[in-house]
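Here is how the chains run, residue by residue.
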Amino acid sequence: MGRRSRVAEILAAVLLLSLSAACGSRLPESDFRHDDRTPPPHESAPLRVGVITSATSPVGGSAFTGPRDGATAFFDRLDERGGIDGRRIEVHRCDDGGSGVGNNECVHKLVEEDEVVALVATTALDYAGASRVARARVPDIGGQPIDAAYDTYPHLYGIYGSLAPRHGTPGWDGRLYGGTEVYRYFKREHGARTAAVVSYNQSASAAYARLVERGLRAEGYKVVTEQVDFALPNFRAVAADLKEQGADLVFDAIDAHGNAQLCQAMDEAGAHVTAKVTNVQNWTSTVPDDYKDAPRCRNALWATGASRNFDDTGDPAVREFREATKDLKTHSQWQLEGWAAARWFTDAAKSCAATGITRVCVDSYMNRSQGYTAGGLLLPVRFARLPEPPRTSRTCLSVARWQDGRGWVSQGDMNRTCFTVPQLAYTP
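Let me sum up the structure you'll find in this document. (Residues numbered from 1 in each chain as written. Predicted model: local features only at pLDDT ≥ 70, side-chain atom pairs only at ≥ 80, totals over all residues. Heavy atoms only, no water.)

**Focus: the overall build of the protein**
Helix and strand content of the protein: 13 helices and 15 strands. Residues counted as buried form 57% of the 428 residues belonging to the protein. When contacts within the protein are restricted to residue pairs at least 6 apart in sequence, long-range pairs at least 24 apart make up 72% of them. (Helix = DSSP H or I, 4+ residues; strand = E, 2+ residues; numbered from the N terminus. Buried < 20%, exposed > 50% of the residue type's maximum accessible area, 1.4 Å probe, protein only. Contact = heavy atoms within 4.5 Å.)

In structure tokens:
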């Protein structure tokens, strides 16, 4: 993997690990006034939906395709069962290449040329066209908050919800807020007291590491900071220090390749931790291959998120997802969340079938869909336009641990693993 690609992967990981980040445009409210009517379709015409994915971004060919694949699988199964009110779903996919220019081109094609009724499961490294989607009042349903767009614009409904005003400025006066529930969980449930944060000597990596450090300190942890050279990282030295410091947890702001090297070094040094904590993007079935040289560290991998574990096949909604995607070579949490996004659109469209499935009607449903769970696949999603940021929030958490031979094993009920935690401000 070349230097340019690794930089992009680090940036993507940092953005994903934080609740949301990146720059948003400041637009006056008048810019959102637009003719939001969808042209009335022929009764039997297919329903057109758009899916924007940074499929060929510098991050890598498969990094962002999970939500697209999950959404497509849902719509394929829906069509097999008769579609929505007898109308099949026509999925218009667009690869923006991971660039702002490409993203604007995709928005133009899908929103203005193809006249899709909604966007679903958007997964864009640079969502530069978000303001155009908002101006057109096209509901964007269940997108991944890789940048700050879903906390900036109206008519955009991220997969995890938003409490921000969304009037054209990110968050509250340009600041976003995130909770400390992950750190609280490991402290309360596993008695963790010492946590290490590993980063590169690269600006985005270091900035995210500082955010993690703040959250850990707010929860009373002793924090061990480890920074390695981006070009020539010495993970052996890091692993040796982790052992010396007696770290219970390891968090990171490094790329996937670096994580595999770190885990291997930890195994070789005998640095055994309670949890090597990863995020929803790395919550995948490829763990055995990704960490093939680090069996002990591999079995200390934990993932946290806001959706039900894709390996929890005892749950009927997860079982339906896995049955529909059984031909995919790998499975991931992002695929499940893409499936949930497609289900969300479908529920919105079904509610409009009697009066006409239009952008306006679907958007109205989205505004009313407080507490939506996609049949239990998501923690209850909330959209609110709070004038002031919350100081604390009661937040629930989905937690899973990797175990060889069993895959990702859920740790407790995600609807009951909840904490009231402080909300810390950061600038995207």
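**Observations regarding helix H7 (residues 235-245)**
All of the buried residues in H7 are Phe-235, Val-238, Ala-239 and Leu-242. Within H7, the buried residues cover an arc of 100° as seen down the axis, which keeps them to one side. Among the exposed residues of H7, those oriented more than 90 degrees off its buried face are Arg-236 and Glu-244. On its buried face, H7 is in contact with strand E7 (194-200), strand E8 (222-228), strand E9 (249-253) and helix H8 (256-269). (Arc of directions from axis to C-beta.)

**What about H8?**
Given a rise of 1.5 Å per residue, 14 residues ought to cover 20 Å, and the 20 Å separating the end C-alpha atoms of H8 matches this to within 8%. Contact partners of the buried residues in H8: E7, H7, E9, strand E10 (275-278), helix H9 (287-290) and helix H10 (295-298). (Expected span 1.5 Å × (residues − 1).)

**Observations concerning the sheet that holds strand E5 (residues 156-158)**
Taken together, the 5 strands give an open sheet; going across it, the order is E2-E1-E3-E4-E5, and neighbouring strands pair in parallel fashion. Of all the strands in the sheet, just strand E2 (89-95) and E5 have a single pairing partner and so form its edges. Sheet twist, expressed as the mean angle between neighbouring strand axes with direction ignored, is 25°. Pairing of strand E1 (residues 47-53) with E2, which is carried by 7 bridges, proceeds in the parallel orientation. In the sheet register, Gly-50 faces E2, and the bridge partner there is His-92. (Pairing = 2+ DSSP bridges. Axes fitted to C-alpha atoms, helices over the stretch in contact; angles between N-to-C directions.)

**Examining the nonpolar core**
Of all hydrophobic cores here, the largest spans 77 residues; its most connected members are Phe-75, Val-120, Met-266, Phe-345 and Trp-408. By residue number, the principal contributor to this core is helix H12 (residues 333-352), which donates 11 residues. When residues no more than four places from it in sequence are discounted, the contact partners of Val-120 are Val-49, Gly-50, Val-51, Ala-71, Phe-75, Ile-141, Ala-341, Ala-342 and Phe-345. Core analysis: the second largest hydrophobic core is formed by 23 residues, Val-182, Val-197, Ala-253 and Trp-302 among them. (Core = buried A, V, L, I, M, F, W, Y, C linked by side-chain atoms within 4.5 Å.)

Function-wise, these values are silent; they only describe arrangement.
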